[in-house]
Each structure stands twice: as structure tokens, then as C-alpha cells.
Amino acid sequence: MFMRTTYCGLVTEALMGQSVTLCGWVNRRRDHGGVIFIDLRDREGYVQVVCDPDRAETFKAAEGLLQVVFDPDTKDTFAQAEKLRSEFVVRITGTVRPRPAGTQNANLRTGRIEVLAKDVQVLNRSEPIPFQLDDETTGEETRLAHRYLDLRRPEMQRNLVLRHRIISTLRAWLDAQGFVDVETPILTRPTPEGARDYLVPSRTHAGHFFALPQSPQLFKQLLMMSGLDRYYQVARCFRDEDLRADRQPEFTQLDVETSFLDEAEITALMERMVRHTFRQVLGVDLPEPFPRMSYDEAMRRYGSDKPDLRIALELVEVADLVKDTEFKVFSGPANSKDGRVAALRVPKGGEMPRSQIDGYTEFVGRYGAKGLAYIKVNDAAKGRDGLQSPITKFLSDAALQGILERTGAQSGDLVFFGADRRSVVCDALGALRIKLGQDLGLVENAWRPLWVVDFPMFEFDEKEGRWIFLHHPFTSSRIQSVEEMERDPGGIRARAYDLVLNGTELGGGSIRNHDPAMQMAVLKQLGIGPEEAQEKFGFLLEALKYGAPPHGGIAFGLDRLVMLMIGAPNIREVIAFPKTQTAFCPLTRAPGAVDPKQLRELSIRTAVAGKN
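Read on for a plain summary of the structure.

Cut-offs used in this document
Here the residue numbering is sequential within each chain, running from 1 through the sequence in written order. Only residues with pLDDT of at least 70 get local features here, since the model is predicted, and only at 80 or more are side-chain atom pairs given and counted; chain-wide, interface and lining totals rely on the full set of residues. In computing side-chain properties, one takes all heavy atoms of the structure into account and sets aside hydrogens as well as water. Just to be clear on terms, a salt bridge is a Lys or Arg side-chain nitrogen sitting within 4 Å of an Asp or Glu carboxyl oxygen. Under the DSSP-based scheme used, a helix requires at least four consecutive residues in state H or I and a strand at least two consecutive residues in state E, with every element numbered from the N terminus. Using a 1.4 Å probe on the protein chains alone, a residue whose accessible area is under 20% of its type maximum counts as buried, one over 50% counts as exposed, and one in between counts as partly exposed. Only protein atoms enter the 1 Å grid used here, on which a cavity is any set of points holding a 1.4 Å probe that cannot leave and a pocket is any open set flanked by protein within 12 Å on both sides along at least five of seven lines; residues with an atom within 4 Å of a point are listed as lining. Grid points are joined across faces, edges and corners, and a volume is the space filled by probe spheres set on the points. Here the term charged refers only to Asp, Glu, Lys and Arg, the term nonpolar to Ala, Val, Leu, Ile, Met, Phe, Trp, Tyr, Cys and Pro, and the term polar to all other amino acids, Gly among them. Two strands qualify as a pair provided that DSSP identifies no fewer than 2 bridges between them. Throughout, a residue-residue contact means that at least one pair of heavy atoms, one from each residue, lies within 4.5 Å. Only C-alpha atoms enter the line fits that serve as axes; for helices the fit covers just the stretch in contact. Angles between N-to-C directions range over 0 to 180 degrees.

1. Describing the pattern of salt bridges
In this structure the tally under the stated criterion is 42 salt bridges. Taking the shortest distance from any N to any O, the salt bridge between R310 and D308 comes out at 2.7 Å. Linking R478 and D454 is a salt bridge whose minimum nitrogen-to-oxygen distance equals 3.1 Å. Within this pair, whereas R478 is found in the loop between β20 (466–469) and α13 (482–487), its partner D454 is found in the loop between β18 (449–453) and β19 (458–461), the two being separated by 24 residues in sequence. Since its relative accessible area comes to 40%, R478 is described here as partly exposed. By relative accessible area, D454 is classed as partly exposed at 26%. A single salt-bridge network, built from bridges that share partners, covers R143, R147, D150, R153, E155 and E573.

Here it is in C-alpha cells:
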């Protein structure tokens, strides 16, 4: 005998007249004057159970729920139903029949039928739960502390099922393309990937530590040197970095590497995979091909290397128009090698009150901007006399006319300005552009993918006084010799590419260095000498000596991909057991203290332990 024959939400007219057995949780129990209604829930949906000791044929159906009517053989069954409470686990057997006229729900798959129940069994009881599953005001900390209850919510069930479908679709597509799924080590060596490592002490090698991988980068390159040709892995990765909506200390990425393909071939292949996944899972056809944009163009037009193309607002360069003004706020950055003066036109923004402009000024301050200059265009035809702003008195008529023409500002528009170091202007106006788009309803309802290419190989870190890598130190460059690299590190372009979707970076990859000399030259530019290079990457550098093929790859953030496809506000909503934004697990209370005995076995003495 089966425990159940089908799910609650899968009972359809095809089962009419048949006996079914259903199992699930009591979502709600309601007593309507001797008739008891039980809303039964499982992964596929809800079912309403009606228990009437008089076997009355007249009953009320709850909107949006499949109706099941008890037809008990004895009064004991009704007494059993009276004892049911929320989250009790029950088993019901009954016969599928049509719903009475007037109770059908055309919006539900199960809306035309009901189940006349013959028996109910309580499989397990539940204490009163700490929050109601349908209470949207419940705080995230409470939900995460009782995640096993939170995951019972239909939306969370759908999120995890859709995540499974997305990953299954990706796996199937890669399998069909000849990629081989290979697991790589979790306990490995620390490597420079741009974030702090999570370290694991070794008991058998006192004073030494493993590192949890920030990515399988070096191992997937070694697999190419092993001749595997095409590799992929749904890999767990770990980064000890500041968290936000699309970051977790442990996350999942789809890791891909292949040999004998250049960047155009790899991006085209991965584009086909993403397009296939959206079509299979969501029934959505993404653009073909995906547009491409250089890093420089993205920063110039959008102030970001992951621009959201759904927002039509763009940054416009105006430094040449204001470089001779006595207004030092503009002329200083306009005449600086590292400065930038850019304008951002806001259609119909002239209607903004001063309080709203002040709010945006405060907003850009979070990104290092010292202020937010603006001009309201009351009447573009009147020139200076049609403009309203504290800064127009500092600008010439030619500069003002040039700004209007270059930005395309019309009467009723508002123009914001950013003037500072290039990085500050890009960060501040880039973020302001997104916020304006959201606040003013300027975000297009569409999927807008984009490949961003031609990234700089290095960027100079003013604080540390040295070059650092923009992607990772194993990326290949477009130059052909070590001499070129040493001559102009800041002008070198990497053979790197990022896939951006609606302003979120979905994946990043590059062609790798397969020439040992070029790899050593990159490490040298990063201030990593021969001894340190051997200490950290000796196994990779040695492997490069023995016939390493040209190779490259990409890694996709699966959590981010699922978040976007579902429309969730953050990746915590698509991960079964996530951490909070302080990297803490309210469910397991991790991280936690460790027994001093364990620390002694690991030859570790902590500052806290030292006080005891």
C-alpha cells in the first residue's frame, strides 16, 4: 500500500472517480458551525478538507484551494479532525469528484474537482509555530532562525524547485556539448583572488593551514593541461568579504574551462547555453546575439562595468566645455589627468523639489562625491535666462549652450553633474543613474544581456602604491612580449569578458596565460617575485612548462542567475540555508566557539582562550 498516490496540487479531472491518498501539512483549520475546513498543503499546492459528521452535500469552498470533503464512516473521524492544528502532518484518502456548481475556480489547476474524503490519519503533531507562514511582516532573522519552517512557504518551495530546474538544464546542455563534470579540492592553498580566504587549520601539519577555494581557478587550468579539453563543475566557493544582496560567504558557481578556443568562440558558446536555459526554464527568447561593449565605453556612458541597459539614462562628458571656467569645482577635475566632469540628463526632472535633489546629493555622498551640482532647464529656448541653478553664474554662455546641446536637454529636464576623480564620478553618477531609473519608473520591463570586453589588465592602487589585477593574475593580455608589459602596464588590455544581465554581473572569464614567461611577467607586475611565485603557484608554473595548451573559461554566479530568473530581491531567497549579511547563520548559530581541547590539537591559541 502506498503512503500516498499523488500530490495535493496534482489532483485533476483526469482522476475523476478514482480513489486518491494525499499527505501534507495542515495549513489552516476552521470550524464553521459543525463543519470543519482543513487546508492541506504539500509541495505542489493546497487542498481543502471539509469534515461534516452529517455527510451534508452543501459546503463552502475556500477560494484558491482544492476542496476535499470528509465522508466519515463514524463520528470518530470528525472528532479526529477537531483536534487538528496548523502544521500537523496528516494522511487523507478519498474519491475525486466534480466540484459543486458555483464553487469552481478557473484559475487553479485543481479548481474544477474535489476529493470526498473517507479517512484521515494524524502522522505527526506540531507545537504552535513561532510565526505564521503567510505573514509578510516576519523579519528575516526570525525566518532564517527557523528556516525549515520558512522553506515550507510556497514561494520558497518554488524558488528551490526552479533553482533545481536551472541547474539541471545547464548540466544537460554542457553534457551534450562534450563537457565533463569534474570535482576539484575543497581543502587547498591560499591564492590571490581579490578577497580574504577562509582558513582551515591542519591537525597533522601543525601551524599550517588549508584555504577554502574562492574558485577552482588553478585546478581547472591544470585539467586543461591534463588534456581534458572541456570541463565544468557546479562548484562551492568561499570568500571572506563584505556582504550585500548578491553576495554570501559561501556561494555556488558554474565553473567552465575549455582548450583551443579563443574568447569569441567561448563567449558565443556560453551565450548559446544561457539563451537555451532561459528558453527551456522561462520560455523567454533572449536577444541573438548578445550585444558587446568595451569596458571604456561602459564606464564612459554608464559609469559602471556592469551597466543596466534597461535604463536609457547616460553619462555625457563635458570636461572640455568647463575646463576654462573659474568654477574650480569643475575646472579642477577637468584639467586633471585622473579627473572627470560628466553630466546626467533626467527627462522631466525639472519638476523635482529641492528636498528630493538634496536627497540625491546625500545619496552620491556615499560613493565619495562631495556634492551634486545641477541645472534645471525651465525653457531651453531662452538660453541662460531659461536655466535655474546656483552654478550658472560661474559658466559662460558657450559652456551652458554646449551642455544643453551635448546632453540633449529639453525644457522641463534636469541635468546633474559629477566633478571629481574619475573613479568617484563613475561610482557616484553610475549609482545615481540606477536610483533615478528606479525612482522615476524608467526601468524597461525586459531582459537586457551584455558582454563587456577589453578590460584593463591592471589598475594602480594608490593606497598600496602598486599595480593590482582587475580580474585575476592568470588572465592573458593582448600584448605579445614581456617587454611590452613592462613598458606600459596601465595601457595593457586583458583578454577578459564579463556577461552582464540587467545590471548584474552573471559571469566573468578570460583567456589564460599558457606561456610560462608571460605568466611570470604578470606576477612580476603585481609585485610577486620568483620565490613568492614558487611558494604560492609553483605547481601551476611547473605545469606550464610541459606543453600547456591555449585555454580559457568562465564562471557564472548560479545564485545570482537564479535570483534574476525568479525575480527575488536577493540571493538569500534562492539559497536553502543562507547566512545573514553579517555572515552568521541564525539557524545553526554558526560560527560558534570551539572546545579548547580541539584548539590544542590544532596547535592554536586564541586571544579569547588566552584570557581563560
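That covers the picture; the talk isn't over yet.
2. Concerning the layout of surface pockets
Its boundaries defined by the atoms lining it, the second largest pocket holds a volume of some 540 Å³. Taken together, 27 residues make up the lining of the second largest pocket; nearest its centre are L133, R153, P154, E155 and M156. Within the residue set of the lining of the second largest pocket, elements represented by two or more residues are β1 (19–32) and α4 (154–176). Here the residues of the lining of the second largest pocket sort into 10 nonpolar, six polar and 11 charged.

3. Looking at unusual backbone geometry
For the bond running from E288 to P289, omega is -5 degrees, close enough to zero to count as cis. Mapped onto the fold, P289 is located in the loop between α6 (263–282) and β12 (292–294). Of note in this structure, D229 is not a glycine but carries a positive phi near 75 degrees. One can find D229 in the loop between α5 (217–225) and β10 (230–238). Positive phi values are uncommon outside glycine, yet F260 reaches one of about 60 degrees. The topology assignment puts F260 in the loop between β11 (250–259) and α6. Look at F260 and you get exposed, because its relative accessible area is 58%.

4. Quick word on the sheet that holds strand β22 (residues 504–511)
Here we have eight strands laid out as an open sheet, ordered β7-β10-β11-β23-β22-β21-β18-β12, and mixed in their pairing. Of all strands in the sheet, those with a lone pairing partner are β7 (180–181) and β12, marking the two edges. Here β10 runs beside β11; their pairing, made up of nine bridges, is antiparallel. Paired with Y231 across the bridge in β11 is E257. α4 rests against β7, β10 and β11 of the sheet, and its axis sits at about 150 degrees to β10. Across the sheet, helix α7 (residues 295–302) touches β12 and β18, and the angle it forms with β12 is around 85 degrees.

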